[in-house]
Structure formats: structure tokens, C-alpha cells
Amino acid sequence: MKQQYEAMVEKVIANGKHGSYAVATHKKLGKITFSLDHKVWKEKETPDAGSLVILQSVRKKRAGWRAKQARFFTPEDQQTEKRKENSE
């Protein structure tokens, strides 16, 4: 399973220089941006500020962290999180 990061969307930029994108915050990594292009964002609806998201294929770029895959946080993610906590 790929490493994934739970993050909170801070803001959505509809008309960025390279298209629409969002900025999310992760507890340890800080700000992570991700494109809202269908190749990266796997949902039909765009996120809004306050949405929890799962980010994968996170890479460090000169301008900061970028996620190459993103989707909404789901109840299944929460169940997986609880199983991990119980096994520790």
C-alpha cells in the first residue's frame, strides 16, 4: 500500500498559473499542494476549505510538497486508522 497522508484543505485556487489546485495542511509535512486535474484529483466534486483529503505520491519540489494523487477522506479510511491504532 502506498504511503498516504491525511490533510485538511486550506484553500482552493480556481485559476492558478498551471490550472486549478488546492493547498492542504498536514500535521508534520506542513502545506501540500495538489492539482484538481482529473489525473490527480479522483473525485467528481472539488474540495472546499475544511475538507479532509487523502494525499498519495507526495514529493518535495523546489516550491514545496506536491501530491500526485488526491481524494476525499472516507469512512473506510477512518476504519483503517482505528485498526492501526488497535494493533499498536
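Up top is the structure these notes are about.
Residues numbered from 1 in each chain as written. Predicted model: local features only at pLDDT ≥ 70, side-chain atom pairs only at ≥ 80, totals over all residues. Heavy atoms only, no water.

**A word on the overall build of the protein**
How we decide: Strands are runs of DSSP state E lasting at least two residues, helices are runs of H or I lasting at least four, and both sets are numbered from the N terminus onward. Exposure categories follow from relative accessible area, calculated using a 1.4 Å probe and restricted to protein chains: below 20% of the type maximum is buried, above 50% is exposed, and the middle band is partly exposed. Whether two residues are in contact is decided by their heavy atoms: any pair within 4.5 Å suffices. Exposure was quantified through the Shrake-Rupley algorithm and a 1.4 Å probe, taking into account, for residues, occlusion by the shown protein chains and nothing else.
Each helix and strand in the protein was counted, giving 1 helix and 5 strands. Its helices and strands in sequence order give the protein the pattern β-β-β-β-β-α, from N to C terminus. Across the 88 residues that make up the protein, the buried fraction comes to 28%. Contacts in the protein between residues at least 24 apart in sequence constitute 45% of all its contacts with a sequence separation of at least 6. When the accessible surface of the protein is summed, it comes to about 6400 Å², and 48% of that surface belongs to carbon and sulfur atoms.

**So, the sheet that holds strand S4 (residues 52–61)**
Here is the rule we go by: Any two strands are treated as partners once DSSP identifies two or more bridges connecting them. Each axis is a line fitted through C-alpha atoms, taken for helices only over the stretch in contact, and angles between the N-to-C directions span 0 to 180 degrees.
Read around the closed barrel, the 5 strands follow the order S1-S2-S3-S5-S4; overall the barrel is mixed. Geometrically, the sheet is characterised by an average inter-axis angle of 45° between neighbouring strands, direction not taken into account. Pairing of strand S3 (residues 30–35) with strand S5 (residues 64–72), which is carried by 3 bridges, proceeds in the parallel orientation. Residue pairing in the sheet places phenylalanine 34 in a bridge with alanine 67 of S5.

**Considering the pairing of strand S1 (residues 4–16)**
Where S1 lies against S4, 5 bridges are found, and the strand directions are antiparallel. In the sheet register, alanine 7 faces S4, and the bridge partner there is valine 53. Two elements, S1 and strand S2 (residues 19–26), share 6 bridges in a ladder whose sense is antiparallel. Each residue of the ladder has a partner; that of valine 12, found in S2, is alanine 22. Following S1, the chain reverses through 2 residues before pairing antiparallel with S2.

**Topic: the pairing of S3**
Relative to S3, S2 is paired through 6 bridges, and the arrangement is antiparallel. Considered in S3, the bridge of tyrosine 21 is made with serine 35. Count of turn residues in the S2/S3 antiparallel hairpin: 3 residues.

**Remarks on a positive patch on the surface**
Put simply, the test is: Any residue with relative accessible area above 30% and no salt bridge may belong to a patch, with like charges joined within 9 Å and the nonpolar Val, Leu, Ile, Met, Phe, Trp and Tyr side chains within 5 Å. Salt bridges, as used here, are contacts in which a Lys or Arg side-chain nitrogen is within 4 Å of a carboxyl oxygen on Asp or Glu. Positive charges come from Lys and Arg alone, negative charges from Asp and Glu alone, with His and the N- and C-terminal ends not counted. Throughout, a charge is located at the NZ atom of Lys, the CZ atom of Arg, the CG atom of Asp or the CD atom of Glu.
Residues Lys2, Lys42, Arg59, Lys61, Arg62 and Lys68 make up a contiguous surface patch of positive charge. Structurally, lysine 2 is set in the segment before S1. For lysine 2, a relative accessible area of 45% corresponds to the partly exposed category.

**Thoughts on the nonpolar core**
Note that soluble globular proteins tend to have their nonpolar side chains buried in a common cluster. Using the following cut-off: We call a set of buried Ala, Val, Leu, Ile, Met, Phe, Trp, Tyr and Cys residues a nonpolar core when their side-chain atoms join them within 4.5 Å.
Judged by nonpolar contacts, the single largest core of 14 residues is most densely connected at Ala24, Phe34, Trp41, Val53, Leu55 and Ala67. For this core, the secondary-structure elements that each account for two or more residues are S1, S2, S3, S4 and S5. By residue number, the principal contributor to this core is S4, which donates 3 residues.

On their own, these measurements won't tell you what the molecule is for.
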